[in-house]
Amino acid sequence: LGATYVQNTAEVEPYRFVLALAQAAEELGVEIRHGKVTGLKQNAGKVTGVLLENDQINCSQVVLAMGPWSGNVSSWDSTATPIPITPLKGQILRLRAPGPPFHCSIGWSGSYATTKTDGLLWTGTTEEDVGFNETPTDKARDQIMSSLLKMIPSMVDAELVQQTACLRPLSKDGNLVI
């Protein structure tokens, strides 16, 4: 048995991070538009725009940052190189934990628990190959709680506040695709 204590690490709360990033971009003149992308406009093998359901955006450069939906690019153009990305579902529990907050992340056997800036103990996670299904399940909740209680038995009285599921991009070989 053993442990590792790593100092000077940091975490971000994803929603607040993305919101701050969007606000900073808008302050620099970026226009954020929402819509379903249906393809890329091309001329002589060069991307010249992004096609939306009811509109298009002309541009000279495109960054595809689509996470688990990146594989959809192949359906826009039959000559495009396939992007081998599929979704991997992960579920997380947010708990109101008894006692003082943890000042570090605790990990054991693929599970983790950490007190986030919202004051809740976040614990998880699962790895589920279920396509684009983002529905939280009782089975995952029970699995995560069981792992948490093996890791930190004093959490037996923790109160479940929220259960969430998200989709992460997964390549066929597990490596990053850039």
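Quick caveat, the model's predicted, so the values are computed rather than measured.

**Student:** Account for the layout of surface pockets, with residues named and values stated.
**Tutor:** Looking at the largest pocket, its volume works out to about 970 Å³. Every residue lining the largest pocket is counted, 24 residues in all, and those nearest its centre are Val37, Val63, Leu64, Ala65 and Met66. When contributions to the lining of the largest pocket are tallied by element, the ones reaching two or more residues are β1 (37-43), β2 (46-52) and α2 (73-76). For the lining of the largest pocket, the class distribution of residues is 14 nonpolar, six polar and four charged. For the second largest pocket, the calculated volume is near 580 Å³. Lining the second largest pocket are 25 residues, and of these His103, Cys104, Ser105, Ile106 and Thr114 lie nearest its centre. Contributing elements (two or more residues each) for the lining of the second largest pocket: β5 (106-108), β6 (111-115) and α3 (138-151). When its residues are assigned to classes, the lining of the second largest pocket shows ten nonpolar, eleven polar and four charged.

Reading guide: rules and limits
Residues numbered from 1 in each chain as written. Predicted model: local features only at pLDDT ≥ 70, side-chain atom pairs only at ≥ 80, totals over all residues. Heavy atoms only, no water. 1 Å grid on protein atoms, 1.4 Å probe; cavity = no way out; pocket = protein on both sides within 12 Å on 5 of 7 lines; lining within 4 Å. Points joined across faces, edges and corners; volume = space filled by probe spheres on them. Helix = DSSP H or I, 4+ residues; strand = E, 2+ residues; numbered from the N terminus. Nonpolar A, V, L, I, M, F, W, Y, C, P; charged D, E, K, R; others polar.

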